[in-house]
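Reading the structure
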Amino acid sequence: MIAKGKAFVYGNNVDTDVIIPARHLNTSDPQELASHCMEDIDSNFVHKVAKGDMIVAGKNFGCGSSREHAPLAIKSSGISCVIAKTFARIFYRNAINIGLPILECEVAVEEIKADDKLEVDFKKGIIVNITQNKTYETQPFPPFIQKIIEADGLVNHVKQQLK
Amino acid sequence: MGMTMTQKIMAKHAGKEIVTAGELIEAELDLVLGNDITAPVALKEFEKMGAKNVFHKDKVALVPDHFTPNKDIKSAENCKILREFAVEQDITNYFEIGEMGIEHALLPEKGLVVPGDVVIGADSHTCTYGALGAFSTGIGSTDMAAGMATGKGWFRVPSALRFHLTGSLKPPVSGKDLILHIIGMIGVDGARYKSMEFTGEGIASLSMDDRFTIANMAIEAGAKNGIFPVDDKTLEYVKAHSTKEYTVYEPDEDAEYELTYELDLSQIPLTVSFPHLPDNTRSIDKVGEVEIDQVVIGSCTNGRIEDLRAAAKILKGKKVAKNMRLIVFPATQKIYLQAMKEGLIEIFIEAGGIVSTPTCGPCLGGHMGILAKGERAVATTNRNFVGRMGHPESEVYLASPAVAAASAIAGKIIGPDSV
Ligand code: SF4
């Protein structure tokens with residue numbers, strides 16, 4: 001799968017409280033969550049984001065609470081993938097489990113600038129910065145996790161098991 | 001190469017002799033937890049999975065604690081989803097407000113977690129039960145759904161950092177100061193994907209309530225879990241609260257730790273975390289003049305009886321500063337009642353504070369004490385992220401109950417010796 005879009009660039013330790021503030025957690029409706037996505041860190045995000053766009057961030061993206069509402073809000077806002085130096089553990093699991101593609105790539109994050117046009121092949125882990133004409137390769141997922149992704153998330157993976 | 005305590009528990013639950021760091025395993029679960037925010041999402045996924053019944057009606061715990069007593073219509077509907085599911089599935093451990101508490105204080109108190117258990121919870125502070133020598137970790141709603149349906153969960157076996165403790169804390173320094181100090185030392189991602197294993201003779205001097213506070217905040221260093229060895233104090237606690245069978249695991253003598261930190265507990269200072277990350281710590285003498293509007297004492301980190309006693313000791317016979325809002329929320333109904341019997345509630349109210357029914361409420365900026373733009377709070381909770389307790393331009397300072405109580409009296413952040 002290949003996605004194309006522009007980059008939204010953020011720093012280190014973007015926590016789930018700024019991705020989707022708790023005051024909006026009384027709903028789990030993806031569209032409603034998306035309408036508040038990144039609200040406390042970037043109030044322009046929801047107005048500027050277009051389908052296919054990507055979030056690029058530093059270390060420990062998604063730290064803090066276990067709310068699955070965070071990757072859900074990001075996915076429903078139209079973001080096609082998150083590229084970070086590293087991810088916080090629970091966010092990493094949640095993203096895989098709900099089918100939000102994520103990639104860890106330190107060099108790419110250091111070089112990508114806001115609004116750069118990117119093209120990402122998640123299966124192969126290849127990031128192309130069209131604006132800067134640069135290509136980066138990242139680690140593919142371990143086989144066990146690939147199985148979950150191939151099943152299109154944990155729900156279907158378990159569905160197959162329960163049959 | 002030997003295994004750490006966490007690895008031994010995981011190996012046993014995965015039906016293996018040995019596991020090594022980095023390995024992916026599937027493990028049997030002893031308990032699956034969810035709350036009023038995460039469980040409604042999980043129940044949708046549960047249905048999508050085609051699951052009909054939970055794997056074991058005694059091994060699922062549902063605790064409506066975040067926006068309860070229902071703060072608005074949407075919260076009420078979420079709780080209703082939980083309640084109806086609990087009734088339909090005949091879930092033993094569903095707790096209505098009269099018998100509830102904040103999940104991570106409630107589950108150990110109800111005896112639902114014992115040493116050697118593997119517990120997952122759709123709440124990041126599920127790591128709290130490591131205080132009991134269990135492997136427990138936070139996961140998301142979809143993981144919760146899969147756990148409820150199959151009784152199993154997938155894990156990557158973590159490597160470990162060892163925190164070797166000697167000596168004993170000098171009161172009024174508490175477990176909260178120790179864990180804030182550690183997070184300040186290693187950073188909010190210092191233990192990312194790893195276990196934090198506590199060892200050493202210093203542990204004997206830590207009360208169970210201190211250990212719960214410390215394990216609770218392992219996630220604030222990015223850890224998968226925090227875990228304490230099982231000693232006489234643990235067993236005394238377990239026997240007083242549970243009839244479940246338990247297993248005591250010990251790390252192998254040649255267990256592999258990525259790093260060992262030596263900490264002399266007598267050297268730990270009163271510690272405060274400044275906005276907007278828990279690792280932004282300062283010892284109390286370096287705090288300077290920070291005026292505050294609100295003090296919050298409670299949460300799954302510091303809402304236990306010892307925490308309330310520590311705060312009451314300082315507030316007794318004193319008044320909070322003019323225009324100060326002091327909010328105390330005991331973590332469970334049992335703790336609330338105990339505090340009442342001991343006269344602690346009276347002390348808080350006479351000092352000019354208010355006491356709330358158990359709820360997560362202000363801790364996550366939900367209700368019962370939201371901050372306005374520019375306001376500052378000292379809280380005994382575990383997170384001080386941007387907007388955590390209200391307006392994105394408000395500030396949260398994390399501290400122990402003793403420091404929080406003293407600060408309420410002074411109207412600024414101050415150590416208990418100064419009031
Ligand atoms: S008290 Fe705070 S940290 Fe603890 S479970 Fe509730 S919201 Fe989470």
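Here is what the cut-offs are and how they apply
- Residues numbered from 1 in each chain as written.
- Chains lettered and ligands numbered in written order.
- Predicted model: local features only at pLDDT ≥ 70, side-chain atom pairs only at ≥ 80, totals over all residues.
- Heavy atoms only, no water.
- Helix = DSSP H or I, 4+ residues; strand = E, 2+ residues; numbered from the N terminus.
- Rg over C-alpha atoms; globule rule 2.2 N^0.38 Å.
- Buried < 20%, exposed > 50% of the residue type's maximum accessible area, 1.4 Å probe, protein only.
- Areas by Shrake-Rupley, 256 points an atom, 1.4 Å probe, with all protein chains shown as cover.
- Contact = heavy atoms within 4.5 Å.
- Lys, Arg positive; Asp, Glu negative; His and termini not counted.
- Charge placed at Lys NZ, Arg CZ, Asp CG, Glu CD.
- Arc of directions from axis to C-beta.
- Polar contact = N/O pair within 3.5 Å; in protein donor to acceptor, adjacent residues only side chain to side chain.
- Pairing = 2+ DSSP bridges.
- Domains from an automatic or database assignment.
- Salt bridge = Lys/Arg side-chain N within 4 Å of Asp/Glu carboxyl O.
- Axes fitted to C-alpha atoms, helices over the stretch in contact; angles between N-to-C directions.
- Parallel < 35°, antiparallel > 145°, perpendicular 65-115°, else oblique.
- Nonpolar A, V, L, I, M, F, W, Y, C, P; charged D, E, K, R; others polar.
- Near = heavy atom within 4 Å.
- 1 Å grid on protein atoms, 1.4 Å probe; cavity = no way out; pocket = protein on both sides within 12 Å on 5 of 7 lines; lining within 4 Å.
- Sits in = over half its atoms within 2 Å of the grid points.
- Buried area = accessible area lost by both parts, 1.4 Å probe.

Quick look at the overall build of chain A now. Counting secondary structure elements, chain A contains eight helices and seven strands. Here chain A has a C-alpha radius of gyration of 15 Å; the compact-globule value for 163 residues is 15 Å, and the two agree. Seen along its three principal axes, the alpha-carbon backbone of chain A occupies a region of about 45 × 35 × 25 Å. For chain A, the residues scored as buried account for 60% of the 163 residues in total. For chain A, the accessible surface area stands at approximately 6600 Å², while carbon and sulfur atoms represent 51% of it.

A tally of helices and strands in chain B yields 13 helices and 18 strands. The C-alpha radius of gyration computed for chain B amounts to 20 Å, which stays within 12% of the reference 22 Å derived for 419 residues, consistent with globular compactness. Judged by the C-alpha coordinates and their principal axes, chain B covers about 60 × 50 × 40 Å. In chain B, which comprises 419 residues, the proportion classed as buried is 65%. Across chain B, every contact between residues at least 6 apart in sequence was considered, and the portion connecting residues at least 24 apart equals 76%. With the model as given, the accessible surface of chain B reaches about 14600 Å², and the carbon-plus-sulfur share is 49%. Taking the 42 positively charged and 55 negatively charged side chains of chain B as two groups, their mean positions are separated by 4 Å.

For an α-helix the count is 3.6 residues per turn, leaving residues at separations of three or four pointing the same way. Residues and elements named next belong to chain B. Every buried residue of helix H8 (residues 232-241) is listed here: Thr234, Leu235, Tyr237 and Val238. Each buried residue of H8 lies within a common arc of 160° when the element is viewed along its axis, so the set occupies one face. Counted as exposed and oriented over 90 degrees from the buried face of H8: Asp232, Glu236, Lys239 and Ala240. On its buried side, H8 packs onto helix H4 (103-109) and helix H7 (208-216). You can read the cap of H8 off the contacts: a side-chain oxygen lies 3.1 Å from the backbone nitrogen of lysine 233, and it is on aspartate 231.

Before going further, it helps to examine the pairing of strand S5 (residues 117-121) of chain A. Residue and element names in this part refer to chain A. Pairing geometry for strand S1 (residues 2-9) and S5, over five bridges, is antiparallel. Bridge pairing in S5 links lysine 6 to lysine 117. Note that S5 and strand S6 (residues 126-129) share four bridges and pair antiparallel. Pairing of leucine 118 across the sheet is with asparagine 129, part of S6.

On to the domain arrangement of chain B. All names here are of chain B. By the assigned domains, chain B splits into domain 1 (5-263) and domain 2 (271-414). Just the C-alpha atoms count here: the centres of domain 1 and domain 2 sit 24 Å apart. At the interface, 40 residues of domain 1 touch 37 residues of domain 2. Residues arginine 383 and glutamate 220 are paired through a salt bridge, measuring 2.6 Å at the closest nitrogen-oxygen approach. Counting the contacts that link domain 1 with domain 2 gives 24 residue pairs in polar contact (both at pLDDT 80 or more).

Residue and element names in this part refer to chain A. Interhelical geometry of helix H5 (residues 89-98) versus helix H7 (residues 143-150) gives an angle of 40° and a closest axis separation of 8 Å. Our classification of the angle between H5 and H7 gives oblique. Between H5 and H7, the residues in contact are Tyr92, Ile96 and Asn97 and Ile145, Ile148 and Ile149, respectively. Of the residues contributing to the contact of H5 with H7, the split by class is five nonpolar, one polar and no charged.

All names here are of chain B. Lining the immediate surroundings of the ligand are 13 residues, of which His125, Cys300, Cys360, Cys363 and Asn382 lie closest. Under a 2 Å grid-point criterion requiring more than half of the atoms, the pocket assigned to the ligand is the largest cavity. Here the residues of the shell around the ligand sort into five nonpolar, five polar and three charged.

A few words on the side chain of B:Ser174. Structurally, the position occupied by B:Ser174 is in the loop between strand S8 (160-166) and helix H6 (175-186). If we ignore the near neighbours within four places in the chain, the residues touching B:Ser174 are B:Leu169, B:Asp210 and B:Ser400.

We now examine the sheet that holds S8(B). Residues and elements named next belong to chain B. Pairing in this open sheet of four strands is parallel, and the strands run S10-S9-S8-S11 from one edge to the other. Looking at the sheet topology across the chains shown, the edges are occupied by strand S10 (225-227) and strand S11 (259-264). Strand-to-strand twist in this sheet, taken as the mean axis angle between neighbours without regard to direction, amounts to 20°. Alignment of S8 against strand S9 (residues 195-199), held across five bridges, turns out to be parallel. Following the sheet pairing, phenylalanine 163 is matched in S9 by phenylalanine 198.

Turning our eyes to something else, we now look at the interface of chain B and chain A. Contacts between the two partners involve 49 residues from chain B, matched on the other side by 42 residues from chain A. Between chain B and chain A, a total of about 3800 Å² is buried, with carbon and sulfur atoms accounting for 57% of that surface. Of all residues in chain B, B:Met49, B:Trp154 and B:Tyr193 bury the most surface against chain A, accounting for 18% of the area lost on that side. The tally of links between chain B and chain A comes to four salt bridges. Here A:Glu32 ties to B:Lys74 by a salt bridge, and the two come within 2.8 Å at their closest N and O atoms. Across the chain B-chain A interface, the total number found is 18 residue pairs in polar contact (both at pLDDT 80 or more). Listing elements by their share of the side of chain B that touches chain A, those giving two or more residues are strand S1 (24-28), helix H2 (38-48), helix H3 (73-88), strand S6 (135-138), helix H5 (141-150) and strand S7 (152-156) of chain B. In terms of residue count, H5(B) provides more of the side of chain B that touches chain A than any other element does, six residues in total. In terms of residue class, the side of chain B that touches chain A is built from 21 nonpolar, 14 polar and 14 charged.

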